[in-house]
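Summary of structural features
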Amino acid sequence: MPQQQNYDPMQEFYKRMFDFLFKQSPVIVLAVVGLYLLWQKLERVEVQRVSDRIEVRKECAEAITEVRFELSNCQRKYEEAAKDNARLSTEVASLRVVVGKWGRKFGASYGARE
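Residues numbered from 1 in each chain as written. Predicted model: local features only at pLDDT ≥ 70, side-chain atom pairs only at ≥ 80, totals over all residues. Heavy atoms only, no water.

**A look at the overall build of the protein chain**
A tally of helices and strands in the protein chain yields two helices and zero strands. For the protein chain, buried positions account for 1% of its 114 residues. Looking at the protein chain as shown, the accessible area adds up to about 11,500 Å², and 62% of this sits on carbon and sulfur atoms. (Helix = DSSP H or I, 4+ residues; strand = E, 2+ residues; numbered from the N terminus. Buried < 20%, exposed > 50% of the residue type's maximum accessible area, 1.4 Å probe, protein only. Areas by Shrake-Rupley, 256 points an atom, 1.4 Å probe, with all protein chains shown as cover.)

**With respect to the packing of aromatic side chains**
Applying the stated criterion across every chain, the model contains two aromatic pairs. Taking the centre distance of 6.5 Å and the plane angle of 25° together, the rings of Tyr 14 and Phe 18 count as stacked. Residue Tyr 14 and its partner Phe 18 are both found in helix H1 (residues 9–23); the two are separated by four residues, about one turn of the helix. Its relative accessible area of 40% is what places Tyr 14 among the partly exposed residues. (Phe/Tyr/Trp six-rings, centres within 6.5 Å; stacked < 30°, edge-to-face > 60°.)

**Notes on a negative patch on the surface**
A cluster of acidic residues, Asp 52, Glu 55, Glu 59 and Glu 62, forms a negative patch on the protein surface. Here Glu 55 is to be found in helix H2 (residues 25–106). What makes Glu 55 partly exposed here is its relative accessible area of 44%. (Patch = residues over 30% accessible without salt bridge, like charges linked within 9 Å, V, L, I, M, F, W, Y side chains within 5 Å. Salt bridge = Lys/Arg side-chain N within 4 Å of Asp/Glu carboxyl O. Lys, Arg positive; Asp, Glu negative; His and termini not counted. Charge placed at Lys NZ, Arg CZ, Asp CG, Glu CD.)

**Overview of the pattern of salt bridges**
Using the criterion set out here, one finds five salt bridges in the structure. Here Glu 12 and Arg 16 are joined by a salt bridge, their closest N and O atoms 2.9 Å apart. With a gap of four residues between them, Glu 12 and Arg 16 both fall in helix H1, about one helical turn apart. Note on Glu 12: relative accessible area 25%, which makes it partly exposed. A salt bridge links Arg 87 to Glu 91, with the shortest nitrogen-to-oxygen separation between them at 3.0 Å. Here Arg 87 and its partner Glu 91 are both found in helix H2, four residues apart, which amounts to about one turn of the helix. Given a relative accessible area of 42%, Arg 87 falls into the partly exposed group. Counted as one network, the salt bridges with shared partners bring together Asp 84, Arg 87 and Glu 91.

Below is the structure:
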C-alpha cells in the first residue's frame, strides 16, 4: 500500500477559498463598492434627517414663543376689558338709581303710567 499523505482540511479549505475568491473577484469588488456607496447614502440621509429635525425644533420654538406672546397680550386685554366692564356696570347702576329717582319725581307730571 502506498503511504497516504497527511490530509489537512484547513489547507484544502484555503486552497479552494483562494481559487473561488479569484474567480469571483469582480463580483466581490462590485459588492464592496455598492456597499460603500449605500453606506455613504445612508450617512447623508441621517445627516439630512438630523438637520431637518433641528430646523423643525427651531420653528416650533419660535411658534411657541409667538403663541405665548399672543396669550400674554390676550390676558392683558381680558383684564382691561374686565376692569372696563366693572366700571361700566357701576356707572349703569348709578344711572339706574338716578333715572329711577327722576322717573318717580317727573313721571306723574308727564302722564307716565306706573
